[in-house]
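Notes for the structure review
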There are 2 protein chains.
Amino acid sequence: MREVFQTELKEVQDRLVDIAGDATRIMEQASAAFINSDVTLADQALASADAIHEKALSLDESVIRILARQSPASRDLRILVSALRISASLERMGALAGHIAQIARFRYPGSAIPAALLPTFQEMGKLDLELGKKVVKLLKNTDVDLAKEIQAEDERVDELHRKVFDIVLSDEWKENAMYTVDVTLASRYHERFADHVVDISSKVSYLTTGAWNESE
Amino acid sequence: MREVFQTELKEVQDRLVDIAGDATRIMEQASAAFINSDVTLADQALASADAIHEKALSLDESVIRILARQSPASRDLRILVSALRISASLERMGALAGHIAQIARFRYPGSAIPAALLPTFQEMGKLDLELGKKVVKLLKNTDVDLAKEIQAEDERVDELHRKVFDIVLSDEWKENAMYTVDVTLASRYHERFADHVVDISSKVSYLTTGAWNESE
């Protein structure tokens, strides 16, 4: 029985790693679509964001079945409850990346980013991609300690999010309202993506160290 | 043992109702603060949004303890898993309402809403408040069927969200970028608040009818 349970837990972990890989790939495509006005990549990102929802739903159902059959206690129970929360965060990350792709799609063949903000969004996209890769690593090998790096990168994303507003609200900003709306929302989506990575990292730390470090 | 468990389940339900009441009150304060540039209400909303986080965390810990001690199966297990998800949604609703209060705070003593958008945000705030009240009702008495009303109100919030963009992107919009940023984000927060209500309603329907009707 115990052996079956360990196999089941391992499968839950593998599926979380798989979904985290999907969310990261969607962000990679969405960020490139947004920066280079690439509608093909935008469409790919949107299709994958739909698929991630189904995967997360099916994983949640499996976790609930395992809870019902195995009635785990203490640490095993916490792993399964955390899996449900992590799957919800990963799904949101896919949806947020999808929203970025959607903006690129709407503005195609034009660009959604005025030149003054291009470097900022390039860095934000790069950071979100790195954060996504760190989540994959963390879920694959829960012993690694990436919490500090993730925290630092999230703070940098927050800084860039504020920088977007500084630029948009400065006297130099002469763009029309369409650009202002697009960059406001895109910046918010990038920032929320990073927040979810911090949440997942807290949950993984909690499971390995027992110290709950809620960041949200 | 069974009786203890029923008492515990009832307590979980009561605490969800309490947190839903808080989230609704925060939206009421935030919406009034945003519409009337009332900084006192904005501060109250922000303080309560912090408190809701602690309440949700403490409820989640109780639910995990019940899961560990009682090892419930089938319907009882699903109720507890749903309680964790509903508490996460309620917490986000409080945070989103807090963000709206924050915008009002930043712009005080000025208004964050240009006259052209005042009626739209009044209606959005009113709908979110009604949706919050319906969640309280639904969690208090899971037998009532409010799913259709909630669906219709959420659709109306989505319409108003699109209307905000129509107005902002029209030739008549002459406001500066600060207003554009504020109304874009405020509209998004109102829309996400309503989305969470729909999610909670699907989870409650699922528990009472067994038909999972995931909307997100």
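Residues numbered from 1 in each chain as written. Chains lettered and ligands numbered in written order. Predicted model: local features only at pLDDT ≥ 70, side-chain atom pairs only at ≥ 80, totals over all residues.

Across its full length, chain A carries six helices and zero strands. Counting helices and strands in the order they occur from the N terminus, chain A gives α-α-α-α-α-α. Taken against the 2.2 N^0.38 rule, which gives 17 Å for 216 residues, the C-alpha radius of gyration of chain A at 19 Å falls within 12% of a compact globule. Reported as C-alpha extents along the three principal axes, the dimensions of chain A are approximately 65 × 35 × 20 Å. When burial is assessed residue by residue, chain A has 44% of its 216 residues classed as buried. Within chain A, counting contacts between residues at least 6 apart in sequence, those at least 24 apart form 78% of the total. (Helix = DSSP H or I, 4+ residues; strand = E, 2+ residues; numbered from the N terminus. Rg over C-alpha atoms; globule rule 2.2 N^0.38 Å. Buried ≥ 20, exposed ≤ 12 C-beta atoms within 10 Å, placed from the backbone. Contact = placed C-beta atoms within 7 Å.)

Let us now look at the interface of chain B and chain A. Contacts between chain B and chain A engage 24 residues on the former and 24 residues on the latter. Looking at the side of chain B that touches chain A, the elements that each hand over two or more residues are α2 (39-70), α3 (74-107), α5 (147-168) and α6 (177-209) of chain B. It is α6 of chain B that contributes the most residues to the side of chain B that touches chain A, seven residues altogether. Partitioned by chemical class, the residues of the side of chain B that touches chain A number 17 nonpolar, four polar and three charged. (Nonpolar A, V, L, I, M, F, W, Y, C, P; charged D, E, K, R; others polar.)

Now for the relation of the copies chain B and chain A. Superposing chain B onto chain A requires a rotation of 180° together with a translation of 0.0 Å along the rotation axis, leaving an RMSD of 0.0 Å. Read as a symmetry element, the transformation amounts to a two-fold axis. Of the C-alpha atoms belonging to chain B, the one lying closest to the rotation axis is found on Ser71 of chain B, 2.5 Å away. When the interface residues of chain B are mapped onto chain A, 100% of them are again interface residues, pointing to one common binding face. (Least-squares fit on C-alpha atoms with pLDDT ≥ 70 in both.)

Helix packing geometry: the angle between the two helix axes and the distance between the axes. Residue and element names in this part refer to chain A. Where helix α4 (residues 118-140) contacts helix α5 (residues 147-168), the axes come no closer than 10 Å and their chain directions differ by 155°. One finds that α4 runs roughly antiparallel with respect to α5. Here α4 runs over α5; the crossing is left-handed. Residues Thr120, Glu123, Met124, Leu127, Asp128, Glu130, Leu131 and Lys134 of α4 pack against Glu149, Ile150, Glu153, Arg156, Val157, Leu160, Lys163 and Val164 of α5. Residues that form the contact of α4 with α5 fall into these classes: seven nonpolar, one polar and eight charged. (Axes fitted to C-alpha atoms, helices over the stretch in contact; angles between N-to-C directions. Parallel < 35°, antiparallel > 145°, perpendicular 65-115°, else oblique. Left-handed = near helix turned anticlockwise from the far one by under 90°.)

Its place among the elements puts Arg156 of chain B in helix α5. Spatially, the C-alpha atoms of Arg156 of chain B and Leu127 of chain B are 8.2 Å apart, while their sequence positions differ by 29 residues.

Given 3.6 residues per helical turn, the α-helix brings residues three or four places apart onto the same face. Residues and elements named next belong to chain B. In this model, α5 (22 residues) spans 32 Å end to end at C-alpha, consistent with the 32 Å of a helix rising 1.5 Å per residue. The set of residues buried in α5 consists of Ile150, Glu153, Asp154, Val157, Leu160, Val164 and Val168. Relative to the axis of α5, the buried residues are bounded by an arc of 115° and lie together on one face. Projecting away from the buried face of α5 at angles above 90 degrees are the exposed residues Lys148, Ala152, Glu155, Glu159, Arg162 and Asp166. (Expected span 1.5 Å × (residues − 1). Arc of directions from axis to C-beta.)

As a further point, take unusual backbone geometry. A cis amide bond links Tyr108 of chain A to the next residue, Pro109 of chain A, at an omega of 5°. By the element assignment, Pro109 of chain A lies in the loop between α3 (74-107) and α4. The backbone of Ser74 of chain B shows a phi angle near 35°, a positive value even though the residue is not glycine. Structurally, the position occupied by Ser74 of chain B is in helix α3.

Relative to the elements of secondary structure, Gly21 of chain A occurs in helix α1 (residues 2-36). Sequence separation of Gly21 of chain A and Lys137 of chain A is 116 residues, and the distance between their C-alpha atoms is 9.5 Å.

Residue and element names in this part refer to chain B. Where helix α1 (residues 2-36) contacts helix α4 (residues 118-140), the axes come no closer than 9 Å and their chain directions differ by 170°. For the element pair α1 / α4, the angle class is roughly antiparallel. Only Phe121, Gln122, Gly125, Asp128, Leu129, Gly132, Lys133, Val135, Val136, Leu139 and Lys140 of α4 make contact with α1, whose side of the interface consists of Gln13, Leu16, Val17, Ala20, Gly21, Ala23, Thr24, Met27, Glu28, Ser31, Phe34 and Ile35. Taken together, the residues of the contact of α1 with α4 break down into twelve nonpolar, seven polar and four charged.

The next subject is the confidence of the model for chain A. Residues and elements named next belong to chain A. With 96% of its residues at a pLDDT of 70 or more, chain A shows a mean pLDDT of 93. Here residues 211-216 scores under 50 on pLDDT; set against residues more than four positions off or in separate chains, the count is 13 contacts. Model confidence for the complex is summarised by a pTM of 0.94, with the ipTM given as 0.91. (pLDDT = per-residue confidence, 0-100.)

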